[in-house]
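# Fold and geometry: a report
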Amino acid sequence: MLSVVLLVAIFALLRRGGLPLWPPRDVLARTDARFAAAFVAAMVVHLVIRYLRTWFLVAPVRRVPLLRLFSINAIGMAFISALPFRLGEAFRPAMLREQGKLSAWAVAGTVFAERILDGSMYGGMLLVGLAVAHRNPPVSFQAAGVTISTALVPRVARVAGLFFTSAFAAMAGLHFFREAARPLVLRVLSPVSPTFASRVATVVLRVADGFGFLTNPRYSLPYLAVTLFAGACHVVAVGWLSRAVGLPPLGFAEGMVVVGILALGFVPLNAPGFFGAVQVALYAGLSVFASPSEVLSQGAAFVFVFYVTYLGAIAFLAAVGASLGLLRS
């Protein structure tokens, strides 16, 4: 019920803000099928790589079969997308935990690490793209009834870069000084409740176990390499989609900006399907390079096709993952 209320509220706000949810029919009809198909293929490759790369995060703690990881990540992403407030994030730790071998908190540590590293990569892509790409003069547009200026994009990018750099430093600090973390937690929380302090200290150490790949080049370097490749696929995909809908073609630098802003849109607690966040982020990204008239016509087709493809790819891969799980059972 809460999900329905959220979707209706966001739908109303987007309509009030003047951001089209459906593109003009004539613009959508002119979509180039070849570039659209290339976009879909690149998005599927992007997601598959993201699901498989988790092996490098979990392997230092416990070797898990690659197909099982794919299934759990594919189904987990469907839960994350379908449920509000990122409640689906609990799916991977719950499904991967093995009593006495792999704790749910260690898996949660790998999830934290994945989110922090993704934020660092996409934040870096956004900053580099803004520095290299040719941008239009700042414009303002309506989003959910609020006027937003694209002049804010560089400021938001710097704040995001600082946030994820700090988060990475905290993650590395917890990993390198994990032995000092337990007595520190006990010292701080024991006056409140010794039992509670002991439990929190145990959880902190289990989460730190999930950061073990950081100091092992055998896992960290391949993980970073495939993550960068997945990010490049995402950037290339939005470039192909811009060509498909008739927007001024987005080069790699421009694509990094659009994808970087989109990644920031995924950070807050979400409505089902990330509805609203995806639309506002993509319109903001396109507004940096396209004119307002292009954003509201070809840009509307871009946002619509991206969103439908994104949800469709997640649902398709979740079905594949579920089928693989049934075959193995």
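The following refers to the structure shown. Since this is a predicted model, take the numbers as computed values, not measurements.

### A few points about helix H8 (residues 152-176)
The end-to-end C-alpha separation of H8 is 36 Å, in line with the 36 Å expected for 25 residues at 1.5 Å each. Along H8, the positions that sit buried rather than exposed are Val-153, Pro-154, Ala-157, Ala-160, Gly-161, Phe-164, Ala-167, Met-171, Ala-172 and His-175.

### What about the environment of Thr-54?
Along the chain, Thr-54 falls in helix H4 (residues 54-58). The class for Thr-54 is buried, based on a relative accessible area of 0%. Thr-54 sits 12 residues away from Leu-66 along the chain, and the two C-alpha atoms are 8.8 Å apart. Those residues within four positions of Thr-54 in sequence are excluded, and the remaining contacts are Leu-69, Asn-73, Arg-92 and Glu-114.

### Points about the packing of aromatic side chains
The tally for this structure, following the rule as stated, stands at 10 aromatic pairs. For the ring pair Phe-266 and Phe-274, a centre distance of 4.7 Å and an interplane angle of 70 degrees mean the geometry is edge-to-face. Arranged with centres 6.3 Å apart and planes meeting at 15 degrees, the rings of Phe-306 and Tyr-310 form a pair that is stacked. Highlighted residues: Phe-306 and Tyr-310, both in helix H15 (residues 298-328), separated by four residues, approximately one helical turn.

### Some thoughts on the environment of Phe-176
Along the polypeptide, Phe-176 turns up in helix H8. With 38 residues separating them along the chain, Phe-176 and Leu-214 place their C-alpha atoms 9.5 Å apart.

### Overview of the side chain of His-234
Locating His-234 in the fold gives a position in helix H11 (residues 217-245). For His-234, the residues in contact, after removing those within four places along its chain, are Met-43, His-46, Tyr-122, Val-259, Leu-262 and Phe-306.

### Quick notes on the pattern of salt bridges
What the rule picks out here adds up to eight salt bridges. With a shortest N-O distance of 3.6 Å, Arg-30 and Asp-26 are connected by a salt bridge. For Glu-114, the salt bridge is made with Arg-53, and the minimal N-O distance between the two is 3.1 Å. Placement of the pair is Glu-114 in helix H7 (residues 104-132) and Arg-53 in the loop between helix H3 (33-52) and H4, with a sequence separation of 61 residues. One salt-bridge network, held together by shared partners, links Arg-50, Arg-53, Glu-89, Arg-92, Glu-114, Arg-115 and Asp-118.

### Focus on the nonpolar core
Counting 61 residues, the largest nonpolar core has Phe-302 and Phe-306 as the members making the most contacts within it. When neighbours within four sequence positions are excluded, Phe-306 is seen to be in contact with Phe-39, Met-43, His-234, Val-238, Leu-241, Leu-262, Val-278 and Leu-282. Core analysis: the next-biggest nonpolar cluster, separate from the first, contains 14 residues, Met-171, Val-207, Leu-214 and Tyr-223 among them.

### Focus: the side chain of Gln-279
Residue position: Gln-279 is located in helix H13 (residues 277-287). Separated by 2.8 Å, the side chain of Gln-279 and the backbone nitrogen of Gly-276 make a polar contact.

### Description of the environment of Leu-127
Note on placement: Leu-127 falls in helix H7. Judged by its relative accessible area of 35%, Leu-127 falls in the partly exposed class. Along the backbone, Leu-127 and Arg-158 are 31 residues apart, and their C-alpha atoms lie at a distance of 7.3 Å. Setting aside its immediate chain neighbours within four residues, Leu-127 contacts Ala-157 and Arg-158.

### Some details on the packing of H7 against helix H12 (residues 252-265)
Remark: H7 packs on H12, axes separated minimally by 7 Å, with the N-to-C direction vectors making an angle of 140 degrees. Viewed along their axes, H7 and H12 adopt a mutual orientation that is oblique. You can see that H7 and H12 cross each other, and the crossing is left-handed. Residues Tyr-122, Met-125, Leu-126, Val-128, Gly-129, Leu-130 and Val-132 of H7 touch H12, and the partners they reach there are Ala-253, Met-256, Val-257, Val-259, Gly-260, Ile-261, Ala-263 and Leu-264. Among the residues forming the contact of H7 with H12, the class breakdown is 13 nonpolar, two polar and no charged.

The rules behind each value
- Residues numbered from 1 in each chain as written.
- Predicted model: local features only at pLDDT ≥ 70, side-chain atom pairs only at ≥ 80, totals over all residues.
- Heavy atoms only, no water.
- Helix = DSSP H or I, 4+ residues; strand = E, 2+ residues; numbered from the N terminus.
- Expected span 1.5 Å × (residues − 1).
- Buried < 20%, exposed > 50% of the residue type's maximum accessible area, 1.4 Å probe, protein only.
- Contact = heavy atoms within 4.5 Å.
- Phe/Tyr/Trp six-rings, centres within 6.5 Å; stacked < 30°, edge-to-face > 60°.
- Salt bridge = Lys/Arg side-chain N within 4 Å of Asp/Glu carboxyl O.
- Core = buried A, V, L, I, M, F, W, Y, C linked by side-chain atoms within 4.5 Å.
- Polar contact = N/O pair within 3.5 Å; in protein donor to acceptor, adjacent residues only side chain to side chain.
- Axes fitted to C-alpha atoms, helices over the stretch in contact; angles between N-to-C directions.
- Parallel < 35°, antiparallel > 145°, perpendicular 65-115°, else oblique.
- Left-handed = near helix turned anticlockwise from the far one by under 90°.
- Nonpolar A, V, L, I, M, F, W, Y, C, P; charged D, E, K, R; others polar.

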